[in-house]
Protein chains: 2
Amino acid sequence: MANIRDVARHAGVSVSSVSNVLNGRSDQMRLATLERIRQAMQELNYHPNRVAQQLKTGQAKMIGLLVPSIVNPSFAVLTREVDRAAKARQYRVLLGNTYRQEDEEQAFLEDMFAHGVQGVIVAASAMERPHFANAARLGLVMVNYDSRMPSDALLGNQPFDSVSMDNVAAGRMAAEHLIERGCRQLAFVTEAFLTISRAHKIEGFFSAVRDHGLTDNARVIEGKALAAYGDTEMTELGRTLAAKVLQQAPRPDGIVAINDALGIGLMAGLRDAGVRIPQDISVIGIDNIPLADLVHPALTSVMPPLTEMVAVMVERLLARIENPSITPGEFLFPPRLITRHSVIDSTEP
Amino acid sequence: MANIRDVARHAGVSVSSVSNVLNGRSDQMRLATLERIRQAMQELNYHPNRVAQQLKTGQAKMIGLLVPSIVNPSFAVLTREVDRAAKARQYRVLLGNTYRQEDEEQAFLEDMFAHGVQGVIVAASAMERPHFANAARLGLVMVNYDSRMPSDALLGNQPFDSVSMDNVAAGRMAAEHLIERGCRQLAFVTEAFLTISRAHKIEGFFSAVRDHGLTDNARVIEGKALAAYGDTEMTELGRTLAAKVLQQAPRPDGIVAINDALGIGLMAGLRDAGVRIPQDISVIGIDNIPLADLVHPALTSVMPPLTEMVAVMVERLLARIENPSITPGEFLFPPRLITRHSVIDSTEP
DNA sequence: TTGAAAGCGGTACCAG
DNA sequence: CTGGTACCGCTTTCAA
């Protein structure tokens, strides 16, 4: 591995000159010198040592990505997008699975400091935990994805950016789709633990229901999952909640599931009970995980515009690393409806 | 961020002493000094700068993980296990999605050098591509997971470790399970592109078939996927191949799918054609992705003992970084059968 | 326009 | 047992 001195010697110039071309300050340089340096780099197959650069400049060219579990397809897709966006700007991704555990999160943040990583994307974590605020105070730039803040009291003076789908709109969009397709007895099925994004989805759901004068026919059905980070648990919960749905009188004919995994479990549970989907009951999810396409009937879902969201997250992260005085902001993205086959189409025979 | 000099000053000792306790060379040290240093570290909330350590020692405390696509659940699970194993040894994981593209792989390897990463786990890639051998020559330690070598001619003098499930045994185990459960018309359904692991699975399949005198009733059914790295593609291929399966005469009553994703698509396609699973046709996959549990009927599958395999991969990686003279080896792991509900149980009524 | 040299935060050798 | 110091590879003044 050749180093900058080798290149300088080989080109018969000083180290500084090589450093200058490395950093794009070759405008004032004599062309012949520039050429000689370029040549030398080529011939020695020189690649600057990022570690040394980093030690000197404090710039890591790495961003951290903290996810509850990479095995959850939503986060796998997020990770791919982040990797893509980072690569486009010559950054690499340091991944951490924290299973929503405080000690893992804490350890991950400490490692980010130790590795000189200045920016981290934090997905779906309880950002009110003190170690996040603490890390922010110590200069770590963070962008939150799909916040789980328990209250929005803090919004506006958070120490990090927040990028989410407009969950109120998503809840409304889901409910409205069901209503449009002719459903009149609506239910919102969810995990009992209330996060801000869940509260927003429910809020949107009820706002649509209200607009259509269906308030008396709408309700929330909830149950408690054993663990909240896997999809298996969500699916199991959905399956369990099928019974609860069928106990309702009058029985719902349209259901919004808080996320696709739960919706898929719910469909399985309903089917086991002899219910036909969508003929007897329509189901719509929120998330649009790849699995939605593979079940039968394929699950209609409301999806976040992930690529755009990730672009903004990475952009903000790098901008705020550059210029720490930028005030953190909140970014909301409109959801999109992906129509598949789990919602009845009354226009068809 | 306090540095080692701050600690030394605070404790009234020299930098070297602090460095010594940092590196566990405190045995010869006066206890009082040790204590003072410990105290100082505490009080200043000192965390050694890994970047500086790395520049000095060349040790990165990071390992690279190259996967075709993190969105493929098999690789997501692999990634989680690698992250776990790495964490247990105080390492972090640098992730790269390369979509099996040469330029992406090449760029990833170069970045590993630039970041001072000395060990990389390479999953399911075409290891005969020259940039891998080249990276090995330049000192990068690699462990291959689930090799895609087109021929085993090179085995034994490869520049990297190779860790795989015993694919012959896996193919045999799958076929034997079907036969035991009463299937007599067997088919092996696969993607047409032949990798070594695929060839081995097919070999195992036929060896079981032969042992039971069923050779005349067994065949391979294959199709070409548009892209080979995603699961969506595999699932689509499976769906497509359902028609081909149903054209066979006599119709198969037991199918081994080259991987779970394809098996899941196949089940979807068969179901759409009115075939009941497992009553009409049994399906068994190879992989055991989390999805297998979420579809209906849940997919019986042959699984690699992933946790053990990852433990070996990480162990070998770190051992060979420590001592580059260790000869690369090949490690084969026996598969396990995970019984679910996609294979008929003739013992039940 | 180019070069010399200090220093980023550690490590490790050698002296005392 | 502890301290002084050269050095890892690069960036960045400051001088020439």
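What you see as residue numbers is a count from 1 along each chain, following the sequence as written. For this description, chains carry letters from A and ligands carry numbers from 1, given in the order in which they are written. In keeping with the predicted nature of the model, local features appear solely for residues at pLDDT of at least 70, side-chain atom pairs appear and are counted solely at 80 or more, and the whole-chain, interface and lining totals rest on all residues. Water and hydrogen atoms were dropped before computing side-chain values, which therefore reflect all heavy atoms in the structure.

Caption draft 1: Focus on the packing of aromatic side chains. Ring geometry is summarised as follows: Phe, Tyr and Trp rings, the Trp one being its six-membered ring, pair when their centres sit within 6.5 Å, and such pairs are stacked at plane angles under 30 degrees, edge-to-face over 60 and tilted between the two. One pass over the structure, following the stated rule, counts four aromatic pairs over all chains. Consider the rings of B:Phe205 and B:Phe206, whose centres lie 5.2 Å apart with planes at 75°: the pair is edge-to-face. Cluster of aromatic residues (ring-pair linked, three or more members): A:Phe188, A:Phe205 and A:Phe206.

Caption draft 2: Expanded view of the sheet that holds strand β10 (residues 300-303) of chain A. Residues and elements named next belong to chain A. The pairing criterion for strands is at least two bridges between them, as found by DSSP. Here a helix means four or more residues in a row that DSSP labels H or I, a strand means two or more in a row labelled E, and each is numbered from the N terminus. Across the sheet, which stays open at both edges, the six strands sit in the order β7-β6-β8-β9-β10-β12 with mixed pairing between neighbours. The sheet is open, and its two edges are formed by β7 (218-223) and β12 (336-338), each paired on a single side. Going across the sheet, the axis of each strand differs from the next one's by a mean of 20°, ignoring polarity. Note: strand β6 (residues 186-191) against strand β8 (residues 254-257), four bridges, orientation parallel. From the neighbouring strand, Phe 188 faces β8, where its bridge partner is Val 256. Lines are fitted to the C-alpha atoms to define the axes, a helix being fitted only along its stretch in contact, and any angle between axes, read from their N-to-C directions, falls within 0 to 180 degrees.

Caption draft 3: Layout of the sheet that holds strand β3 (residues 119-123) of chain B. Strand order in the open sheet formed by 12 strands is β11(A)-β5(A)-β4(A)-β3(A)-β1(A)-β2(A)-β2(B)-β1(B)-β3(B)-β4(B)-β5(B)-β11(B), with mixed pairing between adjacent strands. Here the strands that pair on one side only, and so sit at the sheet edges, are β11 (330-333) of chain A together with β11 (330-333) of chain B. Between one strand and the next, the sheet's axes are offset by a mean angle of 20°, whatever the strand orientation. Bridge analysis of strand β1 (residues 62-67) of chain A against strand β3 (residues 119-123) of chain A gives four bridges, and the strand direction is parallel. The partner of A:Ile63 across the bridge, within β3(A), is A:Gly119.

Caption draft 4: Summary view of the environment of B:Ala2. Residues and elements named next belong to chain B. Within the secondary structure layout, Ala 2 lies in the segment before α1 (4-11). Taking the C-alpha atoms as reference points, Ala 2 and Arg 30, separated by 28 residues in sequence, lie 24 Å from one another. Residue contacts for Ala 2: discarding those within four places in its chain leaves Leu 44 and Tyr 46. Only heavy atoms enter the contact rule, under which two residues are in contact if any of them lie within 4.5 Å.

Caption draft 5: Structural context of the nonpolar core. The nonpolar core is taken to be a set of buried Ala, Val, Leu, Ile, Met, Phe, Trp, Tyr and Cys residues, with the residues joined through side-chain atoms within 4.5 Å. Burial classes: relative accessible area under 20% of the type maximum marks a residue as buried, over 50% as exposed, and values in between as partly exposed (1.4 Å probe, protein chains only). In terms of nonpolar packing, the biggest core is built from 155 residues, with A:Leu78, A:Leu270, B:Leu78 and B:Leu270 touching the most fellow members. In terms of residue count, helix α12 (residues 306-322) of chain B provides more of this core than any other element does, nine residues in total. Counting 34 residues, the second-largest nonpolar core is a separate cluster that includes A:Met62, A:Val122, B:Ala60 and B:Phe132.

Caption draft 6: Inspection of the protein's contact with DNA strand D at higher detail. Near DNA strand D there are 27 residues, and of these A:Ile4, A:Tyr46, B:Ser16, B:Thr33 and B:Lys56 occur at the shortest range. Among the atoms of DNA strand D lying within 4 Å of the protein, the sugar-phosphate backbone contributes 67%. A:Ile4 is positioned such that a nitrogen or oxygen atom in its backbone is 2.4 Å from a phosphate oxygen of DNA strand D. Counted as a polar contact is a pair of N or O atoms within 3.5 Å, where, for protein atoms, one must be capable of donating a hydrogen and the other of accepting one, and residues adjacent in sequence contribute only when both atoms are in side chains. A:Asn49 is positioned with one of its backbone polar atoms (N or O) 3.0 Å from a phosphate oxygen of DNA strand D. Those elements that provide at least two residues to the surface near DNA strand D are α1 (4-11), α2 (15-22) and α4 (50-57) of chain A together with α2 (15-22) and α4 (50-57) of chain B. In the scheme used here, Gly and all other residues not listed as nonpolar or charged are polar, with Ala, Val, Leu, Ile, Met, Phe, Trp, Tyr, Cys and Pro taken as nonpolar and Asp, Glu, Lys and Arg as charged. Here the surface near DNA strand D is composed, by residue class, of nine nonpolar, 13 polar and five charged. Each residue is tested against the molecule or strand, and it is near if at least one of its non-hydrogen atoms lies within 4 Å.

Caption draft 7: Structural context of the packing of helix α8 (residues 167-180) of chain A against helix α9 (residues 196-211) of chain A. Residue and element names in this part refer to chain A. Orientation of α8 relative to α9, taken along the N-to-C sense of each, is 40°, at an axis distance of 6 Å. Taken as axis vectors, α8 and α9 run oblique relative to one another. In this structure, α8 meets α9 at a crossing whose hand is right-handed. The segment α8 lies against α9, with Asn 167, Val 168, Gly 171, Arg 172, Ala 175, Glu 176 and Ile 179 engaging Ser 197, His 200, Lys 201, Glu 203, Gly 204, Phe 205, Ser 207, Ala 208 and Val 209. Taken together, the residues of the contact of α8 with α9 sort by class into six nonpolar, six polar and four charged. Roughly parallel here means an angle under 35 degrees, roughly antiparallel means over 145, roughly perpendicular means 65 to 115, and every remaining angle is called oblique. By definition, any crossing whose near helix is turned counterclockwise from its far helix by less than a right angle is left-handed, and any crossing with a clockwise turn is right-handed.

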